[in-house]
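Structure at a glance
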Amino acid sequence: MSQVRLVHIKKSYGSHVALQDIHLNIAMGAFFTLLGPSGCGKTTLLRAIAGFHQQDSGEIWVGDESIGQLPANKRQVGMVFQDYAVFPHLSVFDNVAFGLVQQKCPAADIQQRVAHILNTVQLGAHAQRMPHQLSGGQQQRVGLARALVIRPKLLLMDEPLSNLDAKLRVDLRRDIRLLQQEFGLTTVYVTHDQEEALSISDQVCVMYDGVVQQLGTPWQVYNHSANRFVATFVGSNNFFTATLDGERLRIADQHIAAPQGVRGLPRCVAAIRPEKIRVNQALTGPGLALAGVLRQAMFTGRELQLSVDVAGLGMVEALTSPNEAMVALKPGDTVQLGVHGSDFLFYAEGDTGKLLP
């Protein structure tokens with residue numbers, strides 16, 4: 001069952017088209033992420049749902065209610081902002097209670113609900129503190145608690161972790177996901193961070209230039225990217241020009257089997273994720289066996305990232321589990337790379353070429 005329906009949403013600012021005919025269905029209880037680079041339209045769409053921006057045309061439905069023409073304060077949505085947006089002159093308790101006071105809830109009800117939500121977000125002991133006495137992560141928890149305490153039909157989050165350091169972002173995004181699941185709350189989340197989107201979402205909507213490029217599960221978006229933009233933006237990828245040679249594809253001076261979907265094209269683009277490339281390991285099936293010169297190696301603890309210069313292909317990025325011998329590799333060393341033909345995805349030529357069957 002759809003909790004949120006966006007029907008042909010369009011929005012322009014002068015000659016700039018920010019949203020081009022967006023049509024989306026968001027399931028009840030889903031964690032739905034809008035992902036894309038700056039200026040792609042994701043925040044504009046979120047703010048249209050919230051009522052902060054009025055769409056030029058189209059309808060916004062939450063459940064069986066059309067909210068697209070309602071003022072923001074009548075839409076029953078909770079909003080968590082990037083910059084915390086806490087009131088500096090109010091205590092933690094009063095910040096969280098603000099929406100309930102505006103709704104004229106009874107004082108006893110406010111006391112009970114605020115105390116409960118503060119304990120839920122691990123701020124129960126800080127109820128009387130002022131915002132300046134809190135860390136950035138704690139201030140963002142205040143914003144989350146304030147959005148949840150009003151029991152919204154829909155929770156909207158606009159890049160809520162972008163101002164936090166890396167470790168805190170990982171910890172807080174885990175907590176946000178746990179809270180969302182505990183409350184069963186339909187959530188629309190905006191981010192430009194691909195790892196963040198993949199790690200916490202039920203559905204990911206990748207946007208670019210005001211257009212939905214792909215909608216799918218994190219697995220689908222990462223492993224079956226719908227076009228070259230998605231394949232480039234979500235994670236890392238290597239792209240090789242492939243030329244049809246009978247029923248085989250030639251890449252540099254080697255061949256792999258040509259899938260049925262590319263056999264009518266003289267050329268296409270073969271894409272391979274860095275982690276799919278075998279480093280100094282023999283291939284166990286048909287594919288490409290490549291030799292190259294190591295230009296850079298970066299050891300990150302759990303991974304070893306290699307940049308290898310391969311004749312006819314240029315720089316190839318590989319990602320592997322490290323061992324002592326691999327970590328000891330130095331620039332200038334010869335490295336053997338292996339790629340199974342079945343691990344490639346194939347795209348039509350062009351920056352936004354579509355995934356070929």
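All values reported here derive from a predicted model rather than from experimental measurement.

Section: the overall build of the protein
- Scanning the protein from N- to C-terminus turns up nine helices and 20 strands.
- For the C-alpha atoms alone, the extent of the protein along its principal axes is close to 75 × 50 × 35 Å.
- Across the protein, the fraction of contacts at a sequence separation of at least 24, relative to all contacts at a separation of at least 6, is 66%.
- When the accessible surface of the protein is summed, it comes to about 16,900 Å², and 51% of that surface belongs to carbon and sulfur atoms.
- Charged side chains in the protein number 31 positive and 31 negative. The centres of these two groups are separated by 4 Å.

What to know about the pattern of salt bridges
- Counted by the stated rule, this structure contains eleven salt bridges.
- Put simply, Asp-175 and Arg-141 hold a salt bridge, and the shortest N to O gap is 2.6 Å. Highlighted residues: Asp-175 in helix α5 (residues 166–183) and Arg-141 in helix α4 (residues 136–149), separated in sequence by 34 residues. As far as the burial class goes, Asp-175 and Arg-141 line up, both buried.
- A salt bridge links Arg-295 to Asp-309, with the shortest nitrogen-to-oxygen separation between them at 3.4 Å. With Arg-295 in strand β16 (residues 287–299) and Asp-309 in strand β17 (residues 304–310), this residue pair connects regions lying 14 residues apart in the sequence.
- For Arg-295, a relative accessible area of 45% translates into the label partly exposed.
- Accessibility expressed as a relative area gives 29% for Asp-309, which makes it partly exposed.
- Residues joined by salt bridges that share partners form a network here, namely Lys-167, Asp-171 and Arg-174.

Topic: the sheet that holds strand β19 (residues 334–340)
- Strand order in the open sheet formed by five strands is β15-β19-β16-β17-β18, and the pairing between neighbours is antiparallel. What marks the edges here is a single partner per strand, and that holds for β15 (278–279) and β18 (314–320).
- Judged from the two bridges that link them, β15 and β19 form a sheet pairing that is antiparallel. Bridge assignment links Arg-278 to a residue of β19, and that residue is Gly-338.

Remarks on the packing of α4 against α5
- Contact pair α4 / α5: the axes reach a minimum separation of 11 Å and the direction vectors enclose 15 degrees. Put simply, α4 runs roughly parallel to α5. Crossing angle aside, the handedness with which α4 passes α5 is right-handed. Packed against α4, whose contacting residues are Gly-137, Gln-140, Arg-141, Leu-144 and Leu-148, the element α5 presents Leu-168, Leu-172, Asp-175, Ile-176, Leu-179 and Phe-183 at the interface.

Side note on helix α2 (residues 92–102)
- Along α2, the residues that are buried comprise Val-92, Phe-93, Asn-95, Val-96, Ala-97, Gly-99 and Leu-100.
- Where α2 is buried, its residues contact α3 (107–120) and α4.
- Following α2 by one or two positions, Lys-104 has its phi on the positive side, about 60 degrees.

So, the nonpolar core
- Val-96, Val-114, Leu-118, Leu-144 and Leu-155 are the most contacted members of the largest nonpolar core, which has 34 residues in total.
- Those elements giving two or more residues to this core turn out to be α2, α3, α4, β7 (154–158) and α5.
- Here this core gets six residues from one element, more than from any other, and that element is α4.
- Once residues within four sequence positions are removed from consideration, Val-114 is found in contact with Phe-93, Val-96, Ala-97, Leu-100 and Val-149.
- Leu-249, Leu-290, Val-339 and Leu-356 belong to the second-largest nonpolar core, a separate cluster that totals 30 residues.

Observations regarding unusual backbone geometry
- One non-glycine residue with positive phi stands out, namely Arg-151, at about 55 degrees.
- Counting through the fold element by element, Arg-151 comes out in the loop between α4 and β7.
- Even without a glycine there, the phi angle at Asn-280 is positive, about 55 degrees.
- On the basis of relative accessibility, which here comes to 39%, the residue Asn-280 falls in the partly exposed class.

Each value, and the rule that gives it
Residues numbered from 1 in each chain as written. Predicted model: local features only at pLDDT ≥ 70, side-chain atom pairs only at ≥ 80, totals over all residues. Heavy atoms only, no water. Helix = DSSP H or I, 4+ residues; strand = E, 2+ residues; numbered from the N terminus. Contact = heavy atoms within 4.5 Å. Areas by Shrake-Rupley, 256 points an atom, 1.4 Å probe, with all protein chains shown as cover. Lys, Arg positive; Asp, Glu negative; His and termini not counted. Charge placed at Lys NZ, Arg CZ, Asp CG, Glu CD. Salt bridge = Lys/Arg side-chain N within 4 Å of Asp/Glu carboxyl O. Buried < 20%, exposed > 50% of the residue type's maximum accessible area, 1.4 Å probe, protein only. Pairing = 2+ DSSP bridges. Axes fitted to C-alpha atoms, helices over the stretch in contact; angles between N-to-C directions. Parallel < 35°, antiparallel > 145°, perpendicular 65-115°, else oblique. Left-handed = near helix turned anticlockwise from the far one by under 90°. Core = buried A, V, L, I, M, F, W, Y, C linked by side-chain atoms within 4.5 Å.

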